[in-house]
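# Structural overview
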Amino acid sequence: MFSIKAAVISFVAALESISGVPIATLDRVDNTQEFWARSAAILCEKTGDNFCDEDMRFMTQNTEPSGFSQIIEYKVGTTGQTKRVCALLPPIDNIDPSYVGEAFTGSFVREDQYPSETSMSAWLYLYHAAHCLDTAMSDQEENRAVAFATLGLTILQGDPSFTTPAVTGQSRRIATMIKKDSAWWAAGTGERILFDEFKAEAASILRSSYNCNAQVVSATTIDTTNITRATRLDPAQNCSAATSGTGVQNPGVVTDGNLWIWMYGSGGIGAPPVDYTPAKMFSSMNAAASYTLTTANRLAQ
């Protein structure tokens, strides 16, 4: 099983690479003075510019559990070129989701609808990283950040449980909690990508391991919460023998609605059908981050 935190760190590095914005990840240090000194050293090492010292004494937010990002503009020398670097303090690993929900909306959802602490922390890490690209501090950039974090978390986790009738995925729980449209549709976009990946894998396994002529029914909707989940597999489409003793086998049909049965049903092929690695459907982490940022920009409009 992979570490979602390690995947997020890799994703943020990819965001830095494709955006060209230096992102300096700070260390969480309990002592305020030590935090300032360590942050100054990290920022100067990231930029290669010796601009820190006295100008960095404002870096004292070492106790914020949800983390933060802060864009710092500086000049090298008195008349040098103005440069930018983003200081990012990751959230604590065991962040309370209710704390985040209250910060965003001032209200709560039921505790049984909270995302996990691990997912919440990963989402916040991505959210703060996305804000490193801000230039106007606008509502649109806020919408971009929540969309980037939500879509990024979905494709990094690859959790198939959202395909079932009764389970809400982690990124969908966060989108529901923070009440942002861009997050809601980002979750749907990510779930659409996972649906397509898992359906293709399921059909491939049915063909190779079950000698079944399995076909995938394509779909494009990102309104994934409104997809009707099947209650059973159609006998004529479930790879079963068509007529006893004839040797003829029914085809297999894999749809958004019945995928969960193929994966989780009695004798199912497993969920996910193939072991998941973060953003596996993209050619590289840079490609995944680029797609996520482009999509987040579109959803933020």
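Please refer to the structure placed before this passage.
This text gives an overview of the structure that appears in the document. What you see is a predicted model; the values in this text were computed from it and never measured.

## Quick word on the state of the cysteines
Counted by the stated rule, this structure contains 2 disulfides. The partner cysteine of Cys86 in its disulfide is Cys132, sulfur to sulfur 2.0 Å. The disulfide joining Cys86 to Cys132 has a torsion of about -65° about its S-S bond and is therefore left-handed. Taken together, the residues span a long stretch of sequence, with Cys86 in strand 3 (residues 82-89) and Cys132 in the loop between helix 4 (117-131) and helix 5 (139-157) at a distance of 46 residues. Note that Cys212 is cross-linked by a disulfide to Cys239, the S-S spacing being 2.0 Å.

## Thoughts on the pattern of salt bridges
If you walk through the whole model with that rule in mind, you get 11 salt bridges. Residue Lys46 pairs with Glu16 through a salt bridge whose shortest N-O separation is 2.9 Å. Of this pair, Lys46 sits in helix 2 (residues 32-47) while Glu16 is found in helix 1 (residues 4-19), placing the two residues 30 residues apart along the sequence. Among the residues examined, Lys46 registers a relative accessible area of 35% and is labelled partly exposed. Put simply, Asp27 and Arg38 hold a salt bridge, and the shortest N to O gap is 2.7 Å. Of this pair, Asp27 sits in the loop between strand 1 (23-25) and helix 2 while Arg38 sits in helix 2, and the two are 11 residues apart along the sequence. Linked through salt bridges whose partners overlap, the residues forming this network are Arg192, Asp196, Lys199 and Asp256.

## Considerations on the nonpolar core
In this structure, Val8, Phe11, Met120, Trp123, Leu126, Phe148 and Leu156 are the most contacted members of the largest nonpolar core, which totals 47 residues. Broken down by secondary-structure element, the contributors of at least two residues to this core are helix 1, strand 3, helix 4, helix 5, helix 6 (170-178), helix 7 (181-210) and helix 9 (285-299). Each residue touching Met120, except ones within four places of it in the same chain, is listed here: Ile95, Pro97, Val100, Pro115, Ile174 and Met177. Counting 20 residues, the second largest nonpolar core, distinct from the first, contains Ala202, Cys239, Leu259 and Met263.

## Details of the packing of helix 1 against helix 9
Close contact between helix 1 and helix 9 brings their axes to 8 Å; oriented N to C, the two are set at 75°. Relative to helix 9, the element helix 1 is oriented roughly perpendicular. Contacts between helix 1 and helix 9 pair Ala7, Ser10, Phe11, Ala14, Leu15, Ser17 and Ile18 from the former with Met285, Asn286, Ala288, Ala289, Ser290, Thr292 and Leu293 from the latter. Partitioned by chemical class, the residues of the contact of helix 1 with helix 9 number 9 nonpolar, 5 polar and no charged.

## Regarding the packing of aromatic side chains
All told, the structure shown has 8 aromatic pairs when counted by the stated rule. Ring geometry for Phe11 and Phe148: centres 5.5 Å apart, planes at 40°, overall tilted. Here Phe148 lies in helix 5 and Phe11 lies in helix 1, a separation of 137 residues in the sequence. The same class applies to Phe11 as to Phe148, namely buried. Taking 6.2 Å as the distance between ring centres and 75° as the angle between the ring planes, the aromatic pair formed by Phe198 and Tyr276 counts as edge-to-face. Of the two residues, Phe198 is situated in helix 7 and Tyr276 in the loop between helix 8 (259-264) and helix 9; the sequence distance between them amounts to 78 residues. Across the pair, exposure class does not vary: Phe198 and Tyr276 are buried alike. In this structure an aromatic cluster arises from ring pairing among Phe2, Phe198 and Tyr276. Over the face of the ring belonging to Trp184 we find Arg172, whose NZ or CZ atom lies 4.1 Å from the ring centre.

The rules behind the values
Residues numbered from 1 in each chain as written. Predicted model: local features only at pLDDT ≥ 70, side-chain atom pairs only at ≥ 80, totals over all residues. Heavy atoms only, no water. Disulfide = S-S within 2.5 Å. Helix = DSSP H or I, 4+ residues; strand = E, 2+ residues; numbered from the N terminus. Salt bridge = Lys/Arg side-chain N within 4 Å of Asp/Glu carboxyl O. Buried < 20%, exposed > 50% of the residue type's maximum accessible area, 1.4 Å probe, protein only. Core = buried A, V, L, I, M, F, W, Y, C linked by side-chain atoms within 4.5 Å. Contact = heavy atoms within 4.5 Å. Axes fitted to C-alpha atoms, helices over the stretch in contact; angles between N-to-C directions. Parallel < 35°, antiparallel > 145°, perpendicular 65-115°, else oblique. Nonpolar A, V, L, I, M, F, W, Y, C, P; charged D, E, K, R; others polar. Phe/Tyr/Trp six-rings, centres within 6.5 Å; stacked < 30°, edge-to-face > 60°. Lys NZ or Arg CZ within 6 Å of the ring centre and 35° of its normal.

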